[in-house]
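Each chain, letter by letter, is given below.
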Protein chains: 2
Amino acid sequence: MKPVITIEYCPKCGWLLRAAYMAQELLTTFSAELGGVTLQPSETSGTYIMRLDDEVIYDRRESGHFPEIKALKQLVRDLICPDKSLGHSDR
Amino acid sequence: MKPVITIEYCPKCGWLLRAAYMAQELLTTFSAELGGVTLQPSETSGTYIMRLDDEVIYDRRESGHFPEIKALKQLVRDLICPDKSLGHSDR
C-alpha cells in the first residue's frame, strides 16, 4: 500500500480551495509515490492538519501559519522517497 | 463514520485537474455529509472511477463519458442524504 496524505481543513474558514491546491501540488509531484490525497472537512474550526497515513506531519495551530509548498514537498519527499530530486524547487 | 468518496483517475491522461474540480464541487455541496474525498492516481491508463466507500458509483469506461456535475450531485445525494435539496441544480 502506497502512503496516503490526508488534509483535514476547516470548511467554515474557506480552506477547501487551499487544501485542494496543495493536494494537486502533491499529486503532481508524487504521482507515482502516493496512494492518494484525501480532502477531509474538519468539524473543528480553524483546523488545517496534514497527515501521512496516521502520522501528523503538519498542524497550522502548532506552526502558526500554512505550509510553504517547497518546504511541504521536501518534507513529504524526505518521508516517502528520500532519494527523489524535486528539481528546481530543491535548490 | 461519514461516507468517503474516492476518485481514481489516470494521471497520464491529465485527469488530476478534472478529479480535483469534482472533489471540490462535492465537498462544497456535501461539506457536512461527507467524511472526505480522496484523489487516487490510477495505475491503469484511462481510468476514471468514483467510489462511495467501496462501492463503484461511476465508471467512465462503462458510461463512455465523464459524469455531468448536476447528475453526479443528484446521484451522491440520493445515496447519502436523500432528503437534501440541491437548490437550483435540482430543477
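Refer to the preceding data block for the structure.
What comes next is a walk through the structure. No experiment lies behind these values; they were computed from the predicted model shown.

## Looking at the packing of helix 1 (residues 16-29) of chain B against helix 3 (residues 69-80) of chain B
Residues and elements named next belong to chain B.
Right, so step 1: At a minimum axis separation of 11 Å, helix 1 and helix 3 run at an interaxial angle of 50°. Regarding the angle of helix 1 to helix 3, the classification is oblique. In terms of crossing hand, the pair formed by helix 1 and helix 3 is right-handed. Taking contact as the criterion, the partners of Y21, M22, E25, L26 and T29 in helix 1 are, on helix 3, I69, L72, K73 and V76.
Right, so step 2: Counted by class, the contact of helix 1 with helix 3 contains six nonpolar, one polar and two charged residues.

## Section: the interface of chain A and chain B
Right, so step 1: In this assembly, 20 residues from chain A lie in contact with 20 residues from chain B.
Right, so step 2: Regarding the contact of chain A and chain B, the summed buried area is about 1400 Å², with carbon and sulfur atoms giving 57% of it.
Right, so step 3: For the chain A face of the interface with chain B, the top three residues by lost area are Q24, L27 and L39 of chain A, together amounting to 31%.
Right, so step 4: Summed over the shared surface of chain A and chain B, the number is two salt bridges.
Right, so step 5: We note a salt bridge from E43 of chain B to K2 of chain A, for which the minimum N-O separation is 2.7 Å.
Right, so step 6: Of the residues belonging to the side of chain A that touches chain B, the class tally is eleven nonpolar, seven polar and two charged.
Right, so step 7: Where strand 2 (residues 36-41) of chain A meets strand 2 (residues 36-41) of chain B, three bridges bridge the pair, whose relative direction is antiparallel. By the bridge assignment for strand 2 of chain B, L39 of chain A is matched with V37 of chain B.

## Re the packing of aromatic side chains
Residues and elements named next belong to chain A.
Right, so step 1: Summed over all chains, the structure comprises six aromatic pairs over all chains.
Right, so step 2: Measuring from centroid to centroid gives 4.9 Å for Y48 and F66, while their planes differ by 80°, and the two rings are edge-to-face. Note that Y48 is positioned in strand 3 (residues 48-52) and F66 in the loop between helix 2 (60-63) and helix 3 (69-80), a separation of 18 residues in sequence.
Right, so step 3: On the basis of relative accessibility, which here comes to 0%, the residue Y48 falls in the buried class.

## Some remarks on the layout of surface pockets
Right, so step 1: Approximately 460 Å³ is the volume found for the largest pocket.
Right, so step 2: Around the largest pocket, the lining comprises 21 residues; the ones closest to its centre are Q40 and P41 of chain A together with M1, V4 and G35 of chain B.
Right, so step 3: Contributions of two or more residues to the lining of the largest pocket are made by strand 1 (4-9) and strand 2 of chain A.
Right, so step 4: Sorting elements by how many residues they give to the lining of the largest pocket places strand 2 of chain A first, with three residues.
Right, so step 5: Looking at the lining of the largest pocket residue by residue, the class counts come to eight nonpolar, eight polar and five charged.
Right, so step 6: Of the voids in this model, the second largest pocket is the one considered here, and its volume is about 360 Å³.
Right, so step 7: Along the wall of the second largest pocket there are 18 residues; nearest its centre are K2, L34 and G35 of chain A together with P41 and E43 of chain B.
Right, so step 8: The greatest single-element share of the lining of the second largest pocket, amounting to three residues, is contributed by strand 2 of chain B.
Right, so step 9: Class assignment for the residues of the lining of the second largest pocket results in seven nonpolar, eight polar and three charged.

## Quick notes on the side chain of E8 of chain B
All names here are of chain B.
Right, so step 1: Structurally, the position occupied by E8 is in strand 1 (residues 4-9).
Right, so step 2: In terms of polar contacts, E8 uses its side chain to reach the side chain of S42, at 2.8 Å.
Right, so step 3: Once residues within four sequence positions are removed from consideration, E8 is found in contact with Q40, S42, T47, Y48, I49 and R51.

## Some details on the relation of the copies chain A and chain B
Right, so step 1: Of the transformation placing chain A onto chain B, the axial shift is 0.0 Å and the rotation is 180°, giving an RMSD of 0.0 Å. The superposition of one copy onto the other is thereby described by a two-fold rotation axis. The C-alpha atom lying nearest the rotation axis in chain A is that of T38 of chain A; the distance is 2.0 Å.
Right, so step 2: Taken together, the interface assignments show that 100% of the residues at the interface of chain A recur at the interface of chain B, consistent with an identical surface on both copies.

Analysis parameters
- Residues numbered from 1 in each chain as written.
- Chains lettered and ligands numbered in written order.
- Predicted model: local features only at pLDDT ≥ 70, side-chain atom pairs only at ≥ 80, totals over all residues.
- Heavy atoms only, no water.
- Axes fitted to C-alpha atoms, helices over the stretch in contact; angles between N-to-C directions.
- Helix = DSSP H or I, 4+ residues; strand = E, 2+ residues; numbered from the N terminus.
- Parallel < 35°, antiparallel > 145°, perpendicular 65-115°, else oblique.
- Left-handed = near helix turned anticlockwise from the far one by under 90°.
- Contact = heavy atoms within 4.5 Å.
- Nonpolar A, V, L, I, M, F, W, Y, C, P; charged D, E, K, R; others polar.
- Buried area = accessible area lost by both parts, 1.4 Å probe.
- Salt bridge = Lys/Arg side-chain N within 4 Å of Asp/Glu carboxyl O.
- Pairing = 2+ DSSP bridges.
- Phe/Tyr/Trp six-rings, centres within 6.5 Å; stacked < 30°, edge-to-face > 60°.
- Buried < 20%, exposed > 50% of the residue type's maximum accessible area, 1.4 Å probe, protein only.
- 1 Å grid on protein atoms, 1.4 Å probe; cavity = no way out; pocket = protein on both sides within 12 Å on 5 of 7 lines; lining within 4 Å.
- Points joined across faces, edges and corners; volume = space filled by probe spheres on them.
- Polar contact = N/O pair within 3.5 Å; in protein donor to acceptor, adjacent residues only side chain to side chain.
- Least-squares fit on C-alpha atoms with pLDDT ≥ 70 in both.

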